[in-house]
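What follows is the residue order along each chain.
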Amino acid sequence: KYSSEIKKNFAMLEYSKGDYIKAEDYISSALADRKNISKDYELYFILGKIFLKTNRYSLFKNAMEKVIDNTESEQLIKAAKQQLLDNIR
């Protein structure tokens with residue numbers, strides 16, 4: 001669990017610096033770490049934002065829909081819906 005949290009933090013750092021490839025690598029690794037543990041849909045939300053920044057709209061949409069359909073966090077659902085509304089293509 002802690003490894004995936006650290007990777008999530010590194011991903012956010014790389015995202016903030018504009019290095020979306022490194023950010024995606026960290027998120028993908030964090031998701032792999034959590035494969036058999038409860039899902040962390042914040043990771044999918046971050047991954048969706050990376051997909052949007054790298055112009056992979058269908059992957060962005062899929063990631064946000066996965067968050068909306070599966071998370072129990074109302075705040076995360078609201079944020080994912082807003083991302084989809086703001087980026088309708």
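Residues numbered from 1 in each chain as written. Predicted model: local features only at pLDDT ≥ 70, side-chain atom pairs only at ≥ 80, totals over all residues. Heavy atoms only, no water.

**Details of the pattern of salt bridges**
Using the following cut-off: By convention in these notes, a salt bridge is any Lys or Arg side-chain nitrogen within 4 Å of a carboxyl oxygen on Asp or Glu. Helix numbers and strand numbers start at the N terminus; a helix is a DSSP run of H or I with at least 4 residues, a strand a run of E with at least 2.
Counting across every chain of the model gives seven salt bridges. Close ionic contact of glutamate 24 with arginine 56 constitutes a salt bridge, the shortest N to O distance being 2.5 Å. Taken together, the residues glutamate 24 in helix α2 (residues 20-33) and arginine 56 in the loop between α3 (41-53) and α4 (57-70) connect sequence positions 32 residues apart. Where salt bridges share partners, they join Glu5, Lys8, Asp40 and Glu42 into one cluster.

**Re the packing of α4 against helix α5 (residues 74-86)**
Using the following cut-off: Axis lines are fitted through C-alpha atoms, for helices just across the contact stretch, and the angle between N-to-C directions can take any value from 0 to 180 degrees. Relative orientations are named as follows: roughly parallel for angles under 35 degrees, roughly antiparallel for angles over 145 degrees, roughly perpendicular for angles from 65 to 115 degrees, and oblique for any other angle. When the near helix sits turned anticlockwise from the far one by under a right angle, the crossing is termed left-handed; a clockwise turn instead gives a right-handed crossing. Residues are treated as being in contact if the distance between any of their heavy atoms lies within 4.5 Å. The classification used treats Ala, Val, Leu, Ile, Met, Phe, Trp, Tyr, Cys and Pro as nonpolar, Asp, Glu, Lys and Arg as charged, and all other residues, Gly among them, as polar.
The geometry of α4 relative to α5 is characterised by a closest axis approach of 8 Å and an angle of 155 degrees between their N-to-C directions. Put simply, α4 runs roughly antiparallel to α5. When the axes of α4 and α5 are compared, the crossing they make is left-handed. Contacts from Phe60, Lys61, Met64, Glu65, Val67 and Ile68 of α4 reach α5 at Leu76, Ile77, Ala80, Lys81, Gln83 and Leu84. Looking at side-chain class alone, the contact of α4 with α5 contains eight nonpolar, one polar and three charged residues.

**A closer look at unusual backbone geometry**
Trans is the prevailing form of peptide bonds, just as negative phi is the prevailing case for residues other than glycine. At asparagine 55, a residue that is not glycine, the phi angle is positive and equals roughly 60 degrees. With respect to the helices and strands, asparagine 55 occurs in the loop between α3 and α4.

**Remarks on the environment of isoleucine 46**
Threshold: Burial classes: relative accessible area under 20% of the type maximum marks a residue as buried, over 50% as exposed, and values in between as partly exposed (1.4 Å probe, protein chains only).
Its place among the elements puts isoleucine 46 in helix α3. Residue isoleucine 46 is classed as buried on the basis of its relative accessible area of 5%. It is 8.7 Å that separates the C-alpha atoms of isoleucine 46 and lysine 8, two residues lying 38 residues apart in sequence. What isoleucine 46 contacts, discounting residues up to four positions off in sequence, is Lys8, Met12 and Ile27.

**Describing a nonpolar patch on the surface**
Selection criterion: Grouping into patches uses exposed residues only, defined as over 30% relative accessible area, and leaves out salt-bridged ones; the cut-off is 9 Å for like charges and 5 Å for nonpolar side chains (Val, Leu, Ile, Met, Phe, Trp, Tyr). A 1.4 Å probe and the Shrake-Rupley method give the accessible areas. Residues count as covered only by the protein chains that appear here.
Together, Ile6, Phe10 and Leu13 give the surface a local cluster of nonpolar side chains, amounting to about 280 Å² of exposed area. Inspection of the secondary structure puts isoleucine 6 in helix α1 (residues 2-16). Residue isoleucine 6 is classed as partly exposed on the basis of its relative accessible area of 47%.

What is shown is where atoms sit, not what they do.
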